[in-house]
Amino acid sequence: MINLQNLKVNIWNADISPMVTSLTMFETIKGNVRGSMTVKDGVNFMDTFMVKYQAPVNIEWQYMGYLFTNKFFTDGMQKIELDKVSKTYTIHFISYATLNETVKRVNQTYSGRADEIIRDIFRFANGTYKQAPLRIDSKCENKGRYIVPNIKASSALRNVLNSSYDTEKTPMCLYQRVCDNGGTRLSSLDFMDKNKFMRIEYLGLTENHTTMSLRASTAGASPDSDGLSNTETVGTVGKFIIEEHHKDYASKLASGYYGHKVTHVKLDETATENFPKAEATEIPLTVYKLPDKMYDNGVVSIFDMAHSVEGIGISNMKRKIFNTRITAAGVIAIPGLGCGYSIAIESGESNLNYSKMDSNYIISDIHHKFNMRDGEFAYSQDVGLIRDE
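Rules and cut-offs
Residues numbered from 1 in each chain as written. Predicted model: local features only at pLDDT ≥ 70, side-chain atom pairs only at ≥ 80, totals over all residues. Heavy atoms only, no water. Helix = DSSP H or I, 4+ residues; strand = E, 2+ residues; numbered from the N terminus. Buried < 20%, exposed > 50% of the residue type's maximum accessible area, 1.4 Å probe, protein only. Contact = heavy atoms within 4.5 Å. pLDDT = per-residue confidence, 0-100. Salt bridge = Lys/Arg side-chain N within 4 Å of Asp/Glu carboxyl O. Pairing = 2+ DSSP bridges. Axes fitted to C-alpha atoms, helices over the stretch in contact; angles between N-to-C directions. Phe/Tyr/Trp six-rings, centres within 6.5 Å; stacked < 30°, edge-to-face > 60°. Core = buried A, V, L, I, M, F, W, Y, C linked by side-chain atoms within 4.5 Å. Parallel < 35°, antiparallel > 145°, perpendicular 65-115°, else oblique. Polar contact = N/O pair within 3.5 Å; in protein donor to acceptor, adjacent residues only side chain to side chain. Lys, Arg positive; Asp, Glu negative; His and termini not counted.

(A) Representation of the overall build of the chain. A tally of helices and strands in the chain yields eight helices and 27 strands. Counting only residues that meet the buried cut, the chain has 47% of its 389 residues in that class. Considering only intrachain contacts with a sequence separation of at least 6, the fraction spanning at least 24 residues in the chain is 63%.

Listed below in C-alpha cells is the structure:
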C-alpha cells in the first residue's frame, strides 16, 4: 500500500487526526457516501462533542499529489470501550445530502422530465448549499407529473428514480463519489458503461489514453513473470473475489428478474390487454395501469410507464446487473477512482490464472480504507464490480 501524504479530521473545528487509528468511507451507485472512524481518545474529547448532536465533520487528505475534501455530519457512536486512561470508540458519519433528504418532507407538485423532477426535489431538500451540488450526467426520457404526498425527500427521490430511464432505455442511479467532494450525480447505466476510467501515458509529446485496468499481483512478482515491477504499482489487486454469480437463480426467476408474461388491466376502460412475454419466462403478472385521464390536458403520471412491459424490463435490468458481482480486494489505491466508472480487470497475466470473467465492469461501490501503519496512514480500496450478462 501507498501512504497518504496528509490526513486531517476536524469535528467542531477541533483537529482529532492524532486520535484516529482507522477511517473508512463507503460509496455506492445505490446512494450517498457514508463512513466511520475508530478513535482512541485520551483527552476526553467524546464528552465535549457528544452533547452536540449532528456535529460537522471535515475530512481532508492528500494522496499522490491530489487533494480531496469531504464534509459530513456525525451519525452516532458505537463500541465505546472505557479504561482508566482513555476511551476507544467508533464514530459514524453521513453526507450533508443524506441528512437534508432525511429530515425534510415534501408536499408539492412537480411536472417535467424525470431528471427535472429529481433536480427540483433535490434542490428543495438541499437548497443551493455548495456542499451538496447535483450533477446530471444523463437526461431521462420519461416525463409526467408527480404529486408528492408529504413524505420524506429521500422517499420522493427514490420513487421517481425507480421509474426513471434514459433515452437508451437503461435505469437511472442517484449517488455520490468521494472524489466529487460532496457532489451528487444522476447517471444511467448506459452512461456508466461508456464512462471509462482512463489512464494517461506520455510518450514524448504524445498523450495516450487507455482504459485503466485492475491487475492481479503476487508479492515478489518479477517483471518477467507478471509484467509488474513491485506490489506498490497503483491499481494492482491482492485478489479478486466473485461474490455472486447468478446466486438464487430459481427464486429470482420466480420473482420476475428475467421477465413476465404481462397482462394489463386498464381500470379507466374496464379493458384487459395481454402482451407477449418480453424476456425469457412464462411467469404471469397482472398489473393495473394508471388511468390515461388522471390529469387534464393530456398530462400523465410520472409513474405511467412503471407497470408497462417496457418499464418492467427496465426495472429488471437494474436488478439483473447485480447477478455477477466481483470484489477487487486490497487495491493499491487509484486517485480519483469512483463508482459509476467503467474499468477493466485482468485476473492474472499468466495463463494459469486467466479467467473468462476478465472483461469491462461498472464500478458499483468502493470502500476507501485508511489504516494507521508505523505512524502513517496506508490507503487501500476494495472495489465492487458488476456487469450484465
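(B) Representation of the confidence of the model for the chain. Averaged over the chain, the pLDDT score is 81; the fraction of residues at 70 or greater is 74%. Contacts of residues 219-231 to residues separated by more than four positions or lying in other chains number 24 contacts, the stretch itself having pLDDT below 50.

(C) Focus on the pattern of salt bridges. As enumerated under the stated definition, the model contains nine salt bridges in all. Through salt bridges with shared partners, a single ionic network connects R113, D115 and E116.

(D) Main features of the sheet that holds strand β15 (residues 184-188). Ordered in space as β11-β15-β14, the three strands form an open sheet in which the pairing is mixed. Edge positions in the sheet fall to β11 (134-136) and β14 (172-176), since each has one partner strand and no second. Strand-to-strand, the axes of this sheet are offset by a mean angle of 20°, without reference to chain direction. Note: β11 against β15, three bridges, orientation parallel. Bridging across to β15, R135 finds its partner in R185. Across the sheet, helix α3 (residues 114-126) is in contact with β11, β14 and β15; its angle to β11 comes to roughly 175°.

(E) Seen up close, the pairing of strand β8 (residues 87-95). Along β8, seven of the nine residues are buried, which leaves the element largely enclosed by surrounding structure. Two elements, strand β5 (residues 31-41) and β8, share eight bridges in a ladder whose sense is antiparallel. Each bridged residue has a counterpart across the sheet, and for D41 the counterpart in β8 is K87. Here strand β7 (residues 66-82) runs beside β8; their pairing, made up of seven bridges, is antiparallel. Residue pairing across strands places E81 opposite T88, the latter belonging to β8. Between β7 and β8, which follow one another and run antiparallel, lie four residues.

(F) The arrangement of the packing of aromatic side chains in detail. This structure, assessed with the given rule, holds seven aromatic pairs. Between F72 and F93, the aromatic rings sit 4.7 Å apart at their centres with planes inclined by 50°, giving tilted as the arrangement. Here F72 is found in strand β7, whereas its partner F93 is found in strand β8, with 21 residues between them in sequence. Note on F93: relative accessible area 1%, which makes it buried. Ring pairs connect the aromatic residues W61, Y63, F68, F370 and Y379, which therefore count as one cluster.

(G) Local environment of the nonpolar core. If you look at the biggest cluster of nonpolar residues, it comprises 31 residues, and the most contacted ones within it are V9, I16, M37, I59 and W61. Of all the secondary structure elements, the ones that give two or more residues to this core are β2 (6-11), β4 (20-28), β5, α1 (45-49), β6 (56-63), β7, β8 and β27 (376-387). A per-element tally of this core places β6 first, with four residues. Residues in contact with V9, not counting those within four places in the same chain, are A14, D15, I16, S17, V20, L23, M37, V57, N58 and I59.

(H) Representation of the packing of α3 against helix α4 (residues 153-161) in the model. Between α3 and α4, the least distance of the axes is 10 Å, while the angle of their chain directions is 170°. Considering their axes alone, α3 and α4 lie roughly antiparallel with respect to each other. Contacts between α3 and α4 pair A114, I117, I118, I121, F122 and A125 from the former with A153, A156, L157, V160 and L161 from the latter.

(I) Representation of the side chain of S213. Relative to the helices and strands, S213 is located in strand β18 (residues 213-216). Reaching out from S213, the side chain makes a polar contact with the side chain of E346 at a distance of 3.1 Å. Look past the residues within four positions of S213 in its chain and what remains in contact with it is R199, G235, I343, A344 and E346.

(J) Quick peek at unusual backbone geometry. In this structure, N13 takes a positive phi of about 65° despite not being glycine. In this structure, N13 sits in the loop between β2 and β3 (14-15). Its identity as a non-glycine residue notwithstanding, N150 has a phi of 55°, on the positive side. N150 sits in the partly exposed class, given a relative accessible area of 40%.

(K) Just the side chain of E27, in detail. Within the fold, E27 resides in strand β4. Within the buried set, E27 has no salt-bridge partner at all; the shortest N-O distance to an opposite charge, 5.4 Å, is to R177. At a separation of 2.8 Å, a polar atom in the side chain of E27 contacts the side chain of H368. Excluding residues that lie within four positions of it along the chain, E27 makes contacts with V33, Q176, R177, V178, L337, G338, C339, S364, D365, I366 and H368.

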